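# Secondary and tertiary structure notes
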Amino acid sequence: MSLFVSLAPQVRTLVSSEELIAGGTTRLRARGDAAFTEAEIDGSGTIGAATLEAGRHRLAVEGSHTRHLASGAMFTPSIEVGMRRDVGDGETGSGIEAGGGVRYADEATGVTVEGRVRTLLSHSGDSEEWGMSGLMRLDPGPEGRGLSLSVQPSWGQTASGVDRLWRSGVAPGAPWAGQESGRLGARVGYGMAVFGGHFTGTPELGVGLSEAGRDWRLGWTLRLAQTTWVPFHVGFEATRWEPANDNVAPENRIGLTASMRW
């Protein structure tokens, strides 16, 4: 005989209000579920009877507050927490991930500044993972004409692990451990009107630095002007990867992309 009880994952908006914290919109969302299973195995021959039980509890909470500044820019702090606990006769353990960030975005000037931190404790605290990342970007606007610039420093594992915690659990050997070295990516470009102003052409130069090595990128993108009703994009990029290990040969690549939507 076997028994399986499960409460399907539920996603709920707990709060979405402009009155909870004055000057902006506060949102709080949560999702969670629980499951329990029990199976009885009848004995036969040399195999004795047994009862197996297993349970799982998961919860994730996301909160943010978007404030519109007098300049027209938006300032958004946010938090994210995920928890999971597996019990019973199968894989067991508990884990929690917590993270937060702040984002400043000004559509009028195209300036975006963002910072995020996160930490993960998995398998009842036997392993640890953390990450920090930043972003500074200048966007030339919908037409893509003018200076574009982005700088992205990061340390550790920066991708949110809440979804991974939700799917993979907290068993020993789960893919939590990661590289804790620092990385830096930067890109600069300048969009110009070409072919009578019907297209925007953007030459770009990028570089990526890490303990593993560095890569250089040189590219050119061409797209139809914003006023054209058919979105069209062509891109060319040449890259060179130079490993930090002198015994490994550099790699050179050339790529071409094209897309059209209607």
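See above for the structure.
By convention here, each chain's residues receive numbers from 1 onward along its written sequence. Residues qualify for local features only when their pLDDT is at least 70, as the model is predicted, and side-chain atom pairs are given and counted only at 80 or more; totals for whole chains, interfaces and linings, by contrast, use all residues. To get the side-chain values, all heavy atoms of the structure are used, and hydrogens and water are removed first.

### What about the overall build of the chain?
Check the secondary structure of the chain and you find one helix and 13 strands. Elements are defined by DSSP. Helices are runs of H or I of four residues or more, strands are runs of E of two residues or more, and each kind is numbered from the N terminus. The order of α-helices and β-strands along the chain, N terminus first, is β-β-β-β-β-β-β-β-α-β-β-β-β-β. For every residue, the accessible area (1.4 Å probe, protein chains only) is compared with the maximum for its type, and the residue is labelled buried under 20%, exposed over 50%, or partly exposed between those bounds. Looking at the 262 residues of the chain, the share that counts as buried comes to 28%. In the chain, 50% of the contacts between residues at least 6 apart in sequence involve partners at least 24 apart. We get accessible surface area from the Shrake-Rupley algorithm with a probe of 1.4 Å; when it comes to residues, only the shown protein chains can shield them. Carbon and sulfur atoms form 59% of the exposed surface of the chain, whose accessible area is close to 16,300 Å². Contacts are assigned to residue pairs that have any heavy atoms within 4.5 Å of one another.

### Looking at the pattern of salt bridges
Salt bridge criterion: a side-chain nitrogen from Lys or Arg within 4 Å of a carboxyl oxygen from Asp or Glu. What the rule picks out here adds up to 13 salt bridges. Notably, a salt bridge pairs Asp-86 with Arg-84, separated by 3.2 Å at the nearest N-O pair. Residue Asp-86 is classed as buried on the basis of its relative accessible area of 11%. Judged by its relative accessible area of 10%, Arg-84 is buried. Among the salt bridges present, the one from Arg-214 reaches Glu-242, with a minimum N-O distance of 2.8 Å. Here Arg-214, found in strand 11 (residues 213–224), pairs with Glu-242, found in strand 12 (residues 232–243); they are 28 residues apart in sequence, far enough to count as distant. Exposure remark for Glu-242: the relative accessible area of 18% places this residue in the buried category. Connected through salt bridges with shared partners, the residues Arg-187, Glu-204, Asp-215, Arg-217 and Glu-237 form a single ionic network.

### Quick word on the packing of aromatic side chains
Only the six-membered ring of Trp is used, alongside the rings of Phe and Tyr, when aromatic pairs are assigned; centres must lie within 6.5 Å, and planes under 30 degrees apart are stacked while those over 60 apart are edge-to-face, with the rest tilted. According to the stated counting rule, one finds one aromatic pair in the structure shown. Seen from their ring centres, Phe-195 and Phe-199 are 5.7 Å apart, and the 80° between their planes marks the pair as edge-to-face. The class for Phe-195 is exposed, based on a relative accessible area of 60%.

### What to know about the environment of Ser-16
Looking at the secondary structure, you find Ser-16 in strand 1 (residues 2–17). Distance in space between the C-alpha atoms of Ser-16 and His-65 is 9.5 Å, their sequence separation being 49 residues. Among residues more than four places away in sequence, those in contact with Ser-16 are Thr-26 and Arg-27.

### Describing the environment of Glu-129
Tracing the backbone through its elements, the reader meets Glu-129 in strand 7 (residues 127–138). Separated by 29 residues in the primary sequence, Glu-129 and Thr-158 have C-alpha atoms spaced 9.5 Å apart.

### Focus on unusual backbone geometry
Positive phi, close to 55°, is recorded for Phe-195, a residue that is not glycine. Looking at where Phe-195 falls in the secondary structure, it is placed in the loop between strand 9 (182–194) and strand 10 (199–210).

### Quick word on a nonpolar patch on the surface
A surface patch of nonpolar side chains, amounting to about 1,100 Å² of accessible area, comprises Leu-147, Leu-149, Val-188, Tyr-190, Met-192, Leu-205, Leu-218, Trp-220, Phe-236, Ile-254 and Leu-256. Elements with a minimum of two residues in the nonpolar patch: strand 8 (146–156), strand 9, strand 11 and strand 13 (251–260). Here the element with the most residues in the nonpolar patch is strand 9; it accounts for three residues. Considering the arrangement of structural elements, one finds Leu-149 in strand 8. The class of Leu-149 is partly exposed, set by a relative accessible area of 38%. Residues enter patches when their relative accessible area tops 30% and they take part in no salt bridge; the joining distance is 9 Å for like charges and 5 Å for the nonpolar side chains Val, Leu, Ile, Met, Phe, Trp and Tyr.

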